[in-house]
Amino acid sequence: MNDEQYMAEALALASRAAGYTHPNPMVGAVVVKEGRIIGRGYHHRAGEAHAEVHALAEAGDKAKGATLYVTLEPCAHFGKTPPCANRVVEAGIKRVVVGIVDPNPLVAGKGVNILRNAGIEVEIGVLAHECARLTEGFITYIKTGRPFVTLKSAMSLDGKIATRTGDSKWITDEAARKDGHRLRASHDAILTGIGTVLADNPKLDCRLTGEDWPYEVAPHQPDVVILDSKGRTPDDAALWHGPTRKILIFVTKACSKERQDALTALGATVHEVPAGLNGVGVDLDAVLDSLGGAGYTSVLVEGGSGVIASFVEQRLFDKIVTYVGNILIGGQDALSAVGGQGATTLADAVPLQFEAPTTIGDNIRIEGYYRERKGAYVYGDC
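About the cut-offs
Residues numbered from 1 in each chain as written. Predicted model: local features only at pLDDT ≥ 70, side-chain atom pairs only at ≥ 80, totals over all residues. Heavy atoms only, no water. Pairing = 2+ DSSP bridges. Helix = DSSP H or I, 4+ residues; strand = E, 2+ residues; numbered from the N terminus. Axes fitted to C-alpha atoms, helices over the stretch in contact; angles between N-to-C directions. Contact = heavy atoms within 4.5 Å. Buried < 20%, exposed > 50% of the residue type's maximum accessible area, 1.4 Å probe, protein only. Polar contact = N/O pair within 3.5 Å; in protein donor to acceptor, adjacent residues only side chain to side chain. Phe/Tyr/Trp six-rings, centres within 6.5 Å; stacked < 30°, edge-to-face > 60°. pLDDT = per-residue confidence, 0-100. Right-handed = clockwise from strand over helix to strand, strands pointing away. Salt bridge = Lys/Arg side-chain N within 4 Å of Asp/Glu carboxyl O.

Describing the sheet that holds strand E4 (residues 95-100)
Thought 1: Strand order in this open sheet of five strands is E2-E1-E3-E4-E5, and the pairing throughout is mixed. In this open sheet, the two edge strands, each paired with only one partner strand, are strand E2 (36-42) and strand E5 (121-124). Taken pair by pair, the neighbouring strands of this sheet meet at an average axis angle of 15°, ignoring direction.
Thought 2: As defined by bridge partners, strand E1 (residues 28-33) adjoins strand E3 (residues 67-72) across four bridges and the pair is classed as antiparallel. When the bridges of E3 are listed, alanine 29 appears paired with valine 70.
Thought 3: Its contacts with the sheet place helix H1 (residues 3-14) against E1, E2, E3, E4 and E5, and it is angled at close to 140° to E1.

This is the structure we're talking about:
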């Protein structure tokens, strides 16, 4: 095996903790000696031991003279745990291969300096793109103070999310829908609008079991965020009866104090924010600032075409994931994936950078990053 293959093993380990580590990043590590992996580890939850510590503990005394592969630069500061860089030095590691430098100002090269000052050979940038994708939520959170925002939709090949009569179940097949649940599990929170709550009464949970989720830890159940300016979320909504998680409802002054108290009594955390553009809905900037302040590093937006349009028009998203079903719907009155007024000219259109599409069952998953997004990882300038 070569450096890329060992780093790929570290990436696979890190992904086991999807959704569980915020506000910390997912990190994986392996210790290799004489062509054999002698230690594996990943960061399980915030506040617990980091990936390097787990991997070095498994390797034991054999770690001396070995190579450590880690997806993110070892930390150099005292937080809830001691600095990992010091632990690596103490273990007698000879060489460290790092995926990407940690953008956190508390680290940002300091961990690498500790290793090099101790005489350890350090190489940076192996599978950097993949490591940056793994930690894109953390990177955006550190750089902007806000969560990484992913827009998710399912549409027909001609861009429709429902027929002209509103029929939408199901545009994609079961394999694509299961992948959508894996996408949910990888985010700290799911965000939707009151329109979706009233129309679909969704549970907004992750329902993967058995072979659909191969890890020993159950899939993460993301918190729920509802944009509900007037506090119309029904008392008997399905989301109240889901798994244990936080429910955050963002309202405006249009929601009475009595209704806010009633939602709080139901178990929600209610945040009053200013109204949105032209007095419609809620102020999305205020919502994202609040979520960032609470430590959320990633949010999956599963709203209807109106909510999706609001994030697109205000350029408040980082990535869009679209599942394209193998059907055509047609019709001018059928709902499109992105509502709103849309761009006036092509120069006003939102520029995207595509990742390679993936075929899932009979459907296609397409990912595109907003080219001008803030918080993107730039190798060597973090």
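Quick notes on the pairing of strand E6 (residues 148-155)
Thought 1: Burial analysis of E6 places seven of its eight residues in the buried class, which makes it a mostly covered element.
Thought 2: By the bridge criterion, four bridges tie E6 to strand E11 (residues 298-301) in an arrangement that is parallel. Residue phenylalanine 148 lies in a different strand from E11, and its bridge partner there is serine 298.
Thought 3: As paired strands, E6 and strand E12 (residues 319-324) are joined by six bridges and run parallel to one another. Residue alanine 154 lies in a different strand from E12, and its bridge partner there is tyrosine 323.

Overview of the environment of glutamate 367
Thought 1: Inspection of the secondary structure assignment puts glutamate 367 in strand E15 (residues 363-370).
Thought 2: Once residues lying within four places of it in the same chain are set aside, the contact partners of glutamate 367 are Arg133, Lys319, Ile320, Val321, Gln353, Phe354 and Glu355.
Thought 3: Only 2.6 Å separates the side chain of glutamate 367 from the side chain of arginine 133, close enough to count as a polar contact.
Thought 4: At 2.6 Å, the side chain of glutamate 367 forms a polar contact with the side chain of arginine 365.

Overview of helix H6 (residues 136-144)
Thought 1: Glu136, Gly137, Phe138, Ile139, Thr140 and Tyr141 are the residues of H6 that are buried.
Thought 2: Two residues or fewer past H6, glycine 145 is found with a positive phi of approximately 75°.

Some points on the packing of aromatic side chains
Thought 1: Under the criterion given, the structure shown has three aromatic pairs.
Thought 2: Relative to tyrosine 69, the ring of tyrosine 6 has its centre 5.1 Å away and its plane inclined at 35°; by these criteria the two rings are tilted. Of the two residues, tyrosine 6 is situated in helix H1 and tyrosine 69 in strand E3; the sequence distance between them amounts to 63 residues. Tyrosine 69 shares its class with tyrosine 6; the two are buried.
Thought 3: A centroid spacing of 6.4 Å and a plane angle of 65° characterise the contact between phenylalanine 148 and tyrosine 369, whose relative ring orientation is edge-to-face. Of the two residues, phenylalanine 148 is situated in strand E6 and tyrosine 369 in strand E15; the sequence distance between them amounts to 221 residues. Of the two residues, phenylalanine 148 and tyrosine 369, neither departs from the other in class, the shared state being buried.

A word on the confidence of the model for the chain
Thought 1: Per-residue confidence for the chain gives a mean pLDDT of 91; residues scoring 70 or more make up 97%.
Thought 2: Within the chain, the lowest mean pLDDT, 90, falls on helix H3 (residues 84-90), and the highest, 98, falls on strand E9 (residues 247-251).
Thought 3: For the stretch residues 378-382, pLDDT sits under 50, and the model shows eight contacts to residues farther than four places along the chain or on other chains.

Here's the deal with the side chain of histidine 181
Thought 1: Mapped onto the elements of the fold, histidine 181 is located in helix H7 (residues 174-185).
Thought 2: In contact with histidine 181, other than residues within four places in its own chain, are Asp205, Cys206, Arg207 and Leu208.

Remarks on the pairing of strand E7 (residues 189-193)
Thought 1: Burial analysis of E7 places five of its five residues in the buried class, the great majority of the element.
Thought 2: Every second residue of E7 is oriented toward a common face, with Ala189, Leu191 and Gly193 on one face and Ile190 and Thr192 on the other, all of them buried.
Thought 3: The sheet contact formed by E7 and strand E8 (residues 223-227) spans five bridges and is parallel. Note that in E8 the partner of glycine 193 across the bridge is leucine 227.
Thought 4: The handedness of the E7 to E8 crossover, carried by helix H8 (residues 194-200), is right-handed.
Thought 5: Here three bridges tie E7 to E11, and the two strands are oriented parallel to one another. Bridged to alanine 189 within E11 is valine 299.

A closer look at the pattern of salt bridges
Where charged atoms from two side chains of opposite charge come close, those side chains can pair.
Thought 1: The final tally for this structure, using the stated rule, is 19 salt bridges.
Thought 2: The partner of lysine 257 in a salt bridge is aspartate 261, with the nearest N and O atoms 2.9 Å apart. In this pair, lysine 257 and aspartate 261 both sit in helix H9 (residues 257-266), four residues apart, roughly one turn of the helix.
Thought 3: Judged by its relative accessible area of 53%, lysine 257 falls in the exposed class.
Thought 4: Looking at aspartate 261, the relative accessible area reads 39%, which means it is partly exposed.
Thought 5: In this structure, a network of salt bridges that share partners links the residues Arg133, Glu136, Asp179, Arg182, Lys319, Glu355, Arg365 and Glu367.

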